[in-house]
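# Summary of structural features
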Amino acid sequence: MKSLIDRVLQTSGLPMTPRQLWRYSFLYWSFFSLIWYCQTTLVWLLTPNGRLYYTETLYWLIELLFWWGLTPVIIWCAQRFSLLRKQSASRFMAQLLTHVLIAALLYGIELIIEHLLLGSAIAHEQGRAITVRRVLLVFALSFGTAFSQYMLLVVCYSVLTHVYKLQSLKQQNLQTELINEQLNTQLANAQLQALKMQLNPHFLFNTLHSIVSMLMGNQTRRAIQMVTTLSDLLRSVLMRQQANFVTLFEEMTLTKQYLAIQEIRFEDRLTVEYAIAPEAENCLLPQLILQPLVENAITHGIANRSEGALIRIRAQRQEDVLLVEVFDNGAGHKRRQATSGTGLGLSNTRSRLEKAYGKQARLQFIQPPGGTTTLRLEIPCQSFLLPSADPAETVPHGSPAP
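Since we're looking at a predicted model, the values are computed, not measured.

Parameters at a glance
- Per chain, the residues get numbers from 1 upward, laid out in the order the sequence is written.
- Per-residue local features are limited, in this predicted model, to residues with pLDDT of at least 70; the limit for side-chain atom pairs, both in listing and counting, is 80 or more; totals at the level of whole chains, interfaces and linings are taken over all residues.
- Hydrogens are left out, water is left out, and the side-chain values use all remaining heavy atoms of the structure.
- Numbering goes from the N terminus for both helices and strands, where a helix is a DSSP run of H or I of at least four residues and a strand is a run of E of at least two.
- Partly exposed residues are those whose accessible area sits between 20% and 50% of the maximum for their type, while under 20% is buried and over 50% is exposed, using a 1.4 Å probe and protein chains only.
- Contacts are assigned to residue pairs with any non-hydrogen atoms lying within 4.5 Å of each other.
- All accessible-area figures derive from a Shrake-Rupley calculation using a 1.4 Å probe, and residue coverage is judged against the displayed protein chains alone.
- How far a helix is expected to stretch is found by multiplying one less than its residue total by 1.5 Å.
- Here the bend at a residue means the angle between the axes of two seven-residue stretches, the one that ends at it and the one that starts at it.
- To define a nonpolar core, start from buried Ala, Val, Leu, Ile, Met, Phe, Trp, Tyr and Cys residues and group those joined through side-chain atoms within 4.5 Å.
- Here, the term disulfide refers to a pair of cysteine sulfur atoms separated by no more than 2.5 Å.
- Only centres within 6.5 Å qualify two rings of Phe, Tyr or Trp (six-membered ring in Trp) as a pair; their planes then separate them into stacked at under 30 degrees, edge-to-face at over 60, and tilted for everything else.
- Charges are assigned to positions over rings by a cutoff of 6 Å between ring centre and Lys NZ or Arg CZ, combined with an angular limit of 35 degrees from the ring normal.
- UniProt positions are given in the numbering used here, feature names are shortened, and annotations may be inferred rather than shown by experiment.
- To obtain each axis, a line is fitted to C-alpha atoms, and for helices this fit is confined to the stretch in contact; angles are then taken between N-to-C directions over 0 to 180 degrees.
- For this classification, under 35 degrees means roughly parallel, over 145 means roughly antiparallel, 65 to 115 means roughly perpendicular, and everything else is oblique.
- Take the far helix as your reference; a near helix turned counterclockwise from it by less than a right angle gives a left-handed crossing, and one turned clockwise gives a right-handed crossing.
- The residue classification treats Ala, Val, Leu, Ile, Met, Phe, Trp, Tyr, Cys and Pro as nonpolar and Asp, Glu, Lys and Arg as charged. All others, Gly included, are polar.
- Think of it this way: DSSP has to see at least two bridges between two strands before they count as a pair.

### A few points about the overall build of the protein chain
What the protein chain contains, in helices and strands, is 10 helices and seven strands. The 402 residues of the protein chain split such that 40% are buried. Considering only contacts in the protein chain between residues 6 or more positions apart, those separated by 24 or more positions represent 74%. Only carbon and sulfur atoms are counted for the fraction: they give 61% of the accessible area of the protein chain, which is about 22,600 Å².

As structure tokens, then:
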């Protein structure tokens, strides 16, 4: 019996111990036995000169113990001849007929056991013998009740296991979706980190090229000043190398250090203006996302101006959107081809924005006919980070999945 119970519980998948199975099944059969006993007592009380025989109480007790002990067998039958699985109508009727035969067999065995144990006592107490005809009559009159109790247990067990398996599948599905989200986030972070690492050599190449040009032009003091400023910028970048996202305030710190290098290069020809709204400084954005925009404005906008070069950076928050504009007074529409986004810096920027925000980010070029160019960046403004055990896996809260 123990091996049967273990097999039944293992097959069902229900989180239930053998002791719990016995406990719940005892409550189930006790409920019906108590109803039957109360019904018998009520008939005795309402019948004139009626009598409640002791053997009837023993009959109730034997019935309770018999069906309680056969509960694992009934559950095995419910598993073996399932009524809830997908099957044809003929197959279903065959399964149902099988349960009818099993219930009839078990109930017949119960009546035989009761006859063997209580036959003599009933004959002595009631003054009448228990014949085979009487046993068959009891079977015919009460089999419907016994079959109903049997089938109710079969159906309740089948529904319970079906619901539990369905809940388990939903839980597994949610767990799988959570794991997929985590993997997607890790993949997005890895891609963002790779794009950022691709950008750094590109920026360093251009800066070092300027330093070499100064040295070749015997501008040693300016070259040393640029190397020192570059060192400060690289130190700031390395301090945040594991962070894919920084606040606008931190990003502007890096951008100002980069522009300080350019101001050394252009001397008095370059003027830089800033208009950063305080409420926008806590918004998050990808690290070093502004540097290629500023570099584009310098390389393709003001690089050929002999004087009066102007770079203006403006940032503001409009509800849940961060708006950043990089303005230069360069050639404007004459450099449309150069600013099409096919260069490494701008294509890298577009890729990073797409990975981080999907279609919620916009990068626009505004070039009026009279000259000048404005690069406008619009991204969702998130002012806090999701907690993460690994700082390299930190992404803005609420940012779309890539």
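### Digging into unusual backbone geometry
With a phi close to 60°, Asn218 is a non-glycine residue in the positive phi region. As for its position among the elements, Asn218 is in the loop between α6 (132-216) and α7 (220-239). Its relative accessible area of 69% is what places Asn218 among the exposed residues. The phi dihedral of Thr372 is positive, around 75°, even though this residue is not glycine. Mapping Thr372 onto the fold places it in the loop between β6 (362-366) and β7 (373-380).

### Structural notes on helix α5 (residues 89-126)
Over its 38 residues, α5 extends only 48 Å from the first C-alpha to the last, a length that falls short of the 56 Å expected when each residue adds 1.5 Å. Remark: the principal bend of α5, roughly 60°, maps to Leu118. Phi turns positive, to about 75°, at Gly127, one or two residues after α5.

### Here we look at the nonpolar core
Counting residues in hydrophobic clusters, the biggest one holds 46 residues, and the most contacted among them are Leu290 and Leu377. Looking at which element gives the most residues to this core, the answer is helix α8 (residues 248-266), with eight residues. If sequence neighbours within four positions are ignored, Leu290 has contacts with Leu248, Glu251, Met252, Thr255, Leu285, Val324 and Leu377. Counting residues in hydrophobic clusters, the runner-up holds 37 residues, among them Ile5, Phe147, Leu153 and Tyr157.

### Observations regarding the state of the cysteines
Here the structure, examined in full by the defined rule, presents one disulfide. Shown here is the disulfide that connects Cys283 with Cys381, its sulfur atoms set 1.8 Å apart. Given an S-S torsion of about -80°, the disulfide between Cys283 and Cys381 has left-handed geometry. Of the two residues, Cys283 sits in the loop between β2 (270-276) and β3 (284-286) while Cys381 sits in the segment after β7, which places them 98 residues apart along the sequence. Each member of the pair, Cys283 as well as Cys381, carries the same accessibility label: buried.

### A short note on the packing of aromatic side chains
Evaluated as defined, the whole model comprises 15 aromatic pairs. Relative to Trp60, the ring of Tyr37 has its centre 5.4 Å away and its plane inclined at 40°; by these criteria the two rings are tilted. Placement of the pair is Tyr37 in helix α2 (residues 18-46) and Trp60 in helix α3 (residues 54-69), with a sequence separation of 23 residues. Relative to Phe143, the ring of Tyr107 has its centre 6.5 Å away and its plane inclined at 40°; by these criteria the two rings are tilted. Linking Tyr107 in helix α5 with Phe143 in helix α6, this pair joins segments that are 36 residues apart in sequence. Residue Tyr107 shares its accessibility class with Phe143, and that shared class is buried. Feature note: the residues Tyr28, Trp29, Phe31, Phe32, Phe66 and Trp67 constitute an aromatic cluster, connected by ring pairs. Residue placement shows Lys256 over the ring face of Tyr274; its charged tip is 5.0 Å from the ring centre.

### Overview of the UniProt feature "transmembrane region" (unreviewed entry) in the protein chain
Summarizing the sequence annotation, UniProt attributes the feature "transmembrane region" (unreviewed entry) to residues 26-46, 58-78, 99-123 and 135-160 in the numbering used throughout. Secondary structure content for residues 26-46 is 100% helix and 0% strand, while the C-alpha to C-alpha distance between its ends is 30 Å. Annotation note: span residues 58-78, helix share 95%, strand share 0%, distance between end C-alpha atoms 29 Å.

### Concerning the packing of α3 against α5
One way to put it is that α3 packs onto α5 with a least axis distance of 10 Å and a crossing angle of 155°. Taken together, α3 and α5 sit at an angle that is classed as roughly antiparallel. Handedness of the α3/α5 crossing: right-handed. Here the contact of α3 with α5 is composed, by residue class, of 16 nonpolar, two polar and four charged.

### Observations regarding the sheet that holds β6
If you trace the five strands from one edge of the open sheet to the other, you get β2-β4-β5-β7-β6, paired in mixed fashion. Of all strands in the sheet, those with a lone pairing partner are β2 and β6, marking the two edges. Taking the axes of each pair of neighbouring strands and ignoring which way they run, one obtains an average angle of 10° across the sheet. The pairing of strand β5 (residues 321-328) with β7 spans eight bridges and is antiparallel. Looking across to β7, one finds that Asp328 is bridged to Thr373.

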